[in-house]
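Structure at a glance
Read off the chains here:
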Amino acid sequence: MRVLLVYCHPEPASFTAAIRDLVCARLDRAGAEFRQLDLYQESFDPVLSRGALAAYSDPSKNRATVEAHVANIEWSDSLIFIYPTWWYGMPAMLKGWLDRVFLPGSAFHLPGPGEQAIRPGLRHINRIAVFTTCGASWLWTQIIGSPGKRILLRGLRSICARHSRTEFAAHYSMDSSTPESRARHLEKVSRAMDRFLSAEMKRR
């Protein structure tokens with residue numbers, strides 16, 4: 001099992017960091033091989049520049065400035081995303097990482113002559129987990145449509161393995177959370193990690 005954990009939060013003492021620490025501890029205990037990307041810590045530039053956009057469709061050029069990130073995705077067979085939900089979606093830092101790193105020629109293949117749809121490039125990814133926090137309630141998040149969750153667990157999943165497994169856990173109404181609600185959420189994340197890791201055990 002090779003897990004790429006993508007963490008995105010600017011505050012080291014956040015509850016999101018506590019979720020990350022729990023997930024890392026569970027991966028360690030399971031003996032999983034994993035790499036962690038802390039996008040804020042490394043000051044990742046999320047802006048798709050004019051030059052990068054010009055090279056975007058050319059696989060011989062488009063990964064030049066993000067080679068290490070693309071290589072991490074190619075190395076992994078599982079992805080875990082941990083981030084806060086802001087304005088119903090993922091932080092700009094994480095969205096920009098997706099824009100710059102999931103590229104034609106590696107993450108997916110653009111339609112050729114006579115084709116109308118992109119072809120998946122991440123068939124080696126068979127598990128995706130998303131752990132987030134939301135200021136809004138569960139009901140209001142559903143009314144809005146939960147765009148961050150849809151991008152990762154529908155959009156990204158569509159270019160991964162056909163029967164890739166997913167896990168999702170969100171602490172809703174985070175702005176009015178309590179120590180008890182946060183503890184319950186960590187238990188929920190722990191159970192989700194049990195399922196995430198058990199999928200690997202069944203493959204052995």
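Everything below is about the structure printed above this text.
Residues numbered from 1 in each chain as written. Predicted model: local features only at pLDDT ≥ 70, side-chain atom pairs only at ≥ 80, totals over all residues. Heavy atoms only, no water.

**A few points about the overall build of the chain**
Put simply, the rule reads: Starting at the N terminus, helices and strands are each numbered in turn, a helix being any DSSP run of H or I of at least four residues and a strand any DSSP run of E of at least two. To get the radius of gyration, use the C-alpha atoms; to get the globule rule, take the number of residues to the power 0.38 and multiply by 2.2 Å. Only protein chains enter the accessibility calculation, which uses a 1.4 Å probe. A residue is then buried if its area is under 20% of the maximum for its type, exposed if over 50%, and partly exposed in between. Here a residue-residue contact requires only that any non-hydrogen atoms of the pair lie within 4.5 Å.
A tally of helices and strands in the chain yields seven helices and seven strands. Each helix and strand of the chain, ordered N terminal to C terminal, gives the series β-α-β-α-α-β-α-β-β-β-α-α-β-α. Here the C-alpha radius of gyration of the chain, 17 Å, is about what a compact globule of 204 residues would show, namely 17 Å. Projected onto the principal axes, the alpha-carbon positions of the chain cover approximately 55 × 40 × 35 Å. Going through the 204 residues of the chain one by one, you find that 49% of them count as buried. Within the chain, contacts between residues separated by at least 24 positions form 79% of all contacts whose residues are at least 6 apart in sequence.

**A word on empty space enclosed by the protein**
Gaps left between atoms are located by rolling a probe of water-molecule size over the structure's atoms. The condition is simple: Here a cavity denotes grid points, spaced 1 Å and computed from the protein atoms alone, that fit a 1.4 Å probe unable to get out, and a pocket denotes an open set having protein on both sides within 12 Å along at least 5 of 7 lines; residues with an atom within 4 Å of a point are the lining. Grid points are joined across faces, edges and corners, and a volume is the space filled by probe spheres set on the points. Under this grouping Gly is polar, as are all residues other than the nonpolar Ala, Val, Leu, Ile, Met, Phe, Trp, Tyr, Cys and Pro and the charged Asp, Glu, Lys and Arg.
Counted according to the given criterion, the structure contains four cavities of 30 Å³ or more. For the lining of the largest cavity, the secondary structure elements donating two or more residues are strand S3 (78-85), strand S6 (127-134), helix H6 (147-156) and strand S7 (165-171). Broken down by class, the residue content of the lining of the largest cavity amounts to six nonpolar, six polar and one charged. Counted as a void, the second largest cavity has a volume near 50 Å³. Around the second largest cavity, the lining residues are Leu-48, Ala-52, Tyr-56, Asn-62, Thr-65, Val-66, Arg-100 and Leu-103. Classifying every residue of the lining of the second largest cavity gives five nonpolar, two polar and one charged.

**Observations concerning the pattern of salt bridges**
The criterion, for reference: Salt bridges are identified by distance alone: a Lys or Arg side-chain nitrogen within 4 Å of an Asp or Glu carboxyl oxygen.
Under the counting rule described, the total for this entry stands at eight salt bridges. A salt bridge links Asp-21 to Arg-20; the nearest nitrogen and oxygen atoms lie 3.1 Å apart. Overall, the relative accessible area of 44% leaves Asp-21 in the partly exposed class. The salt bridge partner of Arg-127 is Asp-77, with a shortest N-O separation of 3.2 Å.

**Quick look at the pairing of S6**
With eight of eight residues buried, S6 is to be regarded as a mostly interior element. Side chains Arg-127, Ala-129, Phe-131 and Thr-133 of S6 all project onto a buried face; the interleaved residues Ile-128, Val-130, Thr-132 and Cys-134 project onto the opposite face, where all are buried too.

**What about H6?**
Rules: In this description, the arc belongs to the directions extending from the helix axis to the C-beta atoms.
Every buried residue belonging to H6 is among Gly-148, Leu-152, Leu-153 and Leu-156, and all of these are buried. When H6 is viewed along its axis, its buried side chains cluster within an angular range of 110° and face the same direction. Taken together, the buried residues of H6 touch S3, helix H4 (92-101), S6 and S7.

**A closer look at the environment of Tyr-172**
Along the chain, Tyr-172 turns up in the loop between S7 and helix H7 (179-203). What makes Tyr-172 buried here is its relative accessible area of 17%. For the pair Tyr-172 and Ser-76, spaced 96 residues apart in sequence, the C-alpha to C-alpha distance is 29 Å. Apart from the residues within four sequence positions on either side, Tyr-172 is in contact with Cys-134, Ala-136, Ser-137, Trp-138, Thr-141 and Gln-142.

**Quick look at the sheet that holds strand S1 (residues 2-7)**
The test is simple: Should DSSP find at least two bridges between two strands, the strands are regarded as paired. Inter-axis angles, ranging from 0 to 180 degrees, are taken between N-to-C directions of lines fitted to C-alpha atoms, where helices are fitted over the stretch in contact.
The sheet built from five strands is open, its strands ordered S2-S1-S3-S6-S7 with parallel pairing. At either end of the open sheet lies a strand with only one pairing partner, and these are strand S2 (33-38) and S7. Going from strand to strand, the sheet's axes swing by 15° on average, the running direction of each strand aside. Across the sheet, helix H3 (residues 67-75) lies against S1 and S2, angled at about 150° from S2, the strand it touches most.

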